[in-house]
Amino acid sequence: MFESLLVANRGEIARRIIRTAKKLGIRAIAVHSEADAGLPFVTEADEAVCVGPANPALSYRNVEAILAAARNTGAQAIHPGYGFLSENADFARTVEASGLIWVGPGADAITAMGDKINARNLMAAAGVPVAPGTTEPAADLDAAVAAAAEIGYPVMVKAAAGGGGMGMGVATDEAALRTEYDKVRSFAERMFGDGSVLLERYFPRVRHVEVQILGLADGRVVALGERECSVQRRNQKLVEESPSPAVSPELRSRFLAAAVRAGEAVNYRNAGTVECLLDPTTGEFFFLEMNTRLQVEHPVTEYVYGVDLVEEQLRVAAGLAPTFDPDALAPRGHAIELRINAEDPKRFLPGPGAITTWNEPAGEGVRVDSGYVAGNTVTPFYDSLMAKLIISGATRDEAVQRARAAVAQFEIAGPKNNLPFFAELLENPEFLSGDYDTGIVSRMR
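To start, this report covers the structure provided alongside it. (Residues numbered from 1 in each chain as written. Predicted model: local features only at pLDDT ≥ 70, side-chain atom pairs only at ≥ 80, totals over all residues. Heavy atoms only, no water.)

Turning our eyes to something else, we now look at the overall build of the protein. When helices and strands are tallied, the protein shows 15 helices and 20 strands. For 445 residues, the compact-globule estimate of 2.2 N^0.38 gives 22 Å, and the C-alpha radius of gyration of the protein, at 21 Å, lies within 12% of that figure. With the C-alpha coordinates aligned to their principal axes, the bounding extent of the protein is approximately 60 × 50 × 45 Å. For the protein, long-range pairs separated by at least 24 residues make up 65% of all intrachain contacts whose partners lie at least 6 apart in sequence. Accessible surface, the protein as shown: approximately 16700 Å² in total, 50% of it carbon and sulfur. Separation between the mean location of the 43 positive side-chain charges and that of the 58 negative ones in the protein comes to 2 Å. (Helix = DSSP H or I, 4+ residues; strand = E, 2+ residues; numbered from the N terminus. Rg over C-alpha atoms; globule rule 2.2 N^0.38 Å. Contact = heavy atoms within 4.5 Å. Areas by Shrake-Rupley, 256 points an atom, 1.4 Å probe, with all protein chains shown as cover. Lys, Arg positive; Asp, Glu negative; His and termini not counted. Charge placed at Lys NZ, Arg CZ, Asp CG, Glu CD.)

Now for the side chain of Asp437. Tracing the chain through its elements places Asp437 in the loop between α14 (429-433) and α15 (440-444). Polar side-chain contacts of Asp437 include one of 2.8 Å to the backbone nitrogen of Gly439. For Asp437, the residues in contact, after removing those within four places along its chain, are Arg205, Val206, Arg207, Ser230, Glu430 and Arg443. (Polar contact = N/O pair within 3.5 Å; in protein donor to acceptor, adjacent residues only side chain to side chain.)

Residues Leu5, Val231 and Ile340 are the most contacted members of the largest nonpolar core, which totals 74 residues. Element by element, the count of residues in this core is highest for strand β19 (residues 385-393), at six residues. Leu251, Cys276, Phe285 and Met290 belong to the second-largest nonpolar core, a separate cluster that totals 27 residues. (Core = buried A, V, L, I, M, F, W, Y, C linked by side-chain atoms within 4.5 Å. Buried < 20%, exposed > 50% of the residue type's maximum accessible area, 1.4 Å probe, protein only.)

Right, let's get into the sheet that holds strand β5 (residues 101-102). Spatially, the five strands line up as an open sheet ordered β3-β2-β1-β4-β5, and their pairing is parallel. If you trace the sheet from one side to the other, it starts and ends with β3 (47-52) and β5, each paired once. Judged from the five bridges that link them, strand β2 (residues 27-33) and β3 form a sheet pairing that is parallel. Pairing of Ile29 across the sheet is with Glu47, part of β3. Contacts between helix α3 (residues 63-73) and the sheet are confined to β1 (4-7), β2, β3 and β4 (77-79), with β3 contributing the most and set at about 150° to the helix. (Pairing = 2+ DSSP bridges. Axes fitted to C-alpha atoms, helices over the stretch in contact; angles between N-to-C directions.)

Reading across from one edge, β7-β6-β8 is the order of the three strands in this open sheet, with antiparallel pairing throughout. The open sheet terminates on both sides in strands that have one partner only, identified here as β7 (168-171) and β8 (197-201). Taken over all neighbouring pairs, the strand axes of this sheet differ in orientation by 25° on average, direction set aside. Summarising the sheet, strand β6 (residues 155-159) and β8 pair through five bridges and their orientation is antiparallel. Opposite Met156, over in β8, you have Glu200 as the bridge partner.

On to the environment of Glu210, then. One can find Glu210 in strand β9 (residues 207-215). Between the C-alpha atoms of Glu210 and Ala403, which are 193 residues apart in sequence, the distance is 22 Å. Not counting chain neighbours up to four residues away, the residues in contact with Glu210 comprise Gly225, Glu226, Arg227, Cys229, Lys237, Thr273, Val274, Glu275, Cys276, Gln295 and Glu297. At 3.3 Å, the side chain of Glu210 and the side chain of Gln295 are in polar contact.

Before going further, it helps to spend a moment on the packing of helix α4 (residues 89-97) against helix α5 (residues 107-114). It is the contact of α4 with α5, at a shortest axis distance of 8 Å, that shows an interaxial angle of 175°. When the interaxial angle is binned, α4 and α5 end up roughly antiparallel. Between α4 and α5, the residues in contact are Ala89, Ala92 and Arg93 and Ala107, Asp108, Ile110 and Thr111, respectively. Class assignment for the residues of the contact of α4 with α5 results in four nonpolar, one polar and two charged. (Parallel < 35°, antiparallel > 145°, perpendicular 65-115°, else oblique. Nonpolar A, V, L, I, M, F, W, Y, C, P; charged D, E, K, R; others polar.)

It is at 5 Å that the axes of α5 and helix α6 (residues 116-125) come closest, and there the two elements cross at 100°. Taken together, the axes of α5 and α6 are roughly perpendicular relative to one another. Together, Ala112, Met113 and Gly114 of α5 and Lys116, Asn118, Ala119, Leu122 and Met123 of α6 make up the contact between the two elements. A per-class count over the contact of α5 with α6 returns five nonpolar, two polar and one charged.

According to the stated counting rule, one finds 40 salt bridges in the structure shown. Ionic pairing is found between Asp182 and Arg185, a salt bridge with its closest N-O pair at 3.4 Å. Note that Asp182 and Arg185 are positioned in helix α8 (residues 174-192) at a spacing of three residues, about one turn of the helix. When salt bridges that share partners are traced, they join Arg16, Arg19, Lys23, Glu302, Asp308, Glu311, Arg367 and Asp369 into one network. (Salt bridge = Lys/Arg side-chain N within 4 Å of Asp/Glu carboxyl O.)

Another aspect to go through is the environment of Gly283. Mapping Gly283 onto the fold places it in the loop between β12 (270-278) and β13 (285-291). Residues contacting Gly283, with those up to four places away along its chain left out, are Leu251, Arg254 and Leu278.

Encoded structure:
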C-alpha cells in the first residue's frame, strides 16, 4: 500500500476518503479553495494545500495546481472523489504520466463510457440490454425527427457527453422534439463543449436501478448488489436504498450478470456503477450509463455488503487483493441514504447560508457523512449537498422507522434544507409500499 494520498475533492466525500486513509495509516493530503479553508475536511487532513479561489475552474478543476500540490507534499496517489475531475480521462492520464497512482478506472475505460452513444453501442455488443435509440449522434434536427419516428414517441433527448441528470429533455411529439433538440444541443455545447445529441425511447413509468461493480487488481469484475435511485428531482437523486424493493432474486441475478459483462467489456478496474432503467410493468431493464467513479450513494452498498468501498478502491489501485471473498458476496439487511441539501424543501431551489445550528442524529443503524459543522458557511459556488444520512436495519421497515427518528433528530439552522421533504416522504404511502417510480416526487408536489 502507498503511504500518502492526495484527495482532489471537497466536502463530505473528501472527509469520507480521509477517514479511510487514516484508518489504513495513509497520510491524507487535502486540497481546498479559499472559500473552503474552514471546512472539516481541511482541518482533519494530515496536510492541506490551497489550490485557488472559490471558482472551481481555478481550484478543484485546476489540474496544474492539483499536480503541484501533489509534488510539493510528496503524495504518491490521487483520489478524485466524485464530480470535478473524477471522470476526466485526460486528468487520469496526466496523473499516471506524472508517476502518481490514480485511484480510479483506467483512462481508456473513462473515455469509452464518457460518450453515451459509444457506451450504448459497446454495451449492446457485450450483450447488455439497451433501450431503443440512436447508434450515432443526430447530426441535425431533421435527423433527430427521422430517428424519433423510427424509435417511437415519447423520446428522451440527451446530451451525448452529459451526466448527473443534466442535458436531458422529453419529447412527446415532433413539435416538442424540435424545441427540446435545440435546447439540449445548446445546453450541451455550453456545459460540456460537445453539442452531440442522442435519442432514446422514453418510458413514462420507470424505476432507476444501478449496480455497484468493482474491477479487482487480478482482472476480475464483481458486482456488489443493486441500489434503487428512483426518488429524484430534476433527474437528480435524493434518496437511494439497497436492496431495491422492486428487484426479485431472479431479476437481481440478471442485473448483476449484465453489470459484470459491462465492466468486462472495457477491462474495468476499481469502483464504478452501471445505471439502468427498469420497466416495473414488464421487468425489462435497459443500460443507461456507466459512472466511472465512486458514487455519492456508495454507503448503502457498504452496509448491505459489509465492505469499505474506499478501502477497496485504494487496494485495487495498489495492486492488492480485496478484503472480502469475491465468490461469497451476499446482501444482508437494508440501508437507505437521504441526501441532505441546502435547498428549499418545496421547490428544491438552492438556499446557501451560514450554519448557526448543526446537530447530527445518532443511534443504532445511523451514520452521517457530513461536509459541514456549525459555524461553516454553505456557499453558492458548489453543489448544495451538505450531508448524507445513512440508515440501516435488519429489514426495510426497520430502516424506515429509524430514518424517521433520525430526520426528526437532525437539527440544521441557517441555510434552507430539505429535511422537511424527507419527513414527508417517509410517511408517503407510495414510498412505504416500495412500489414507486421516478415520478414520485412530482406527484408529491
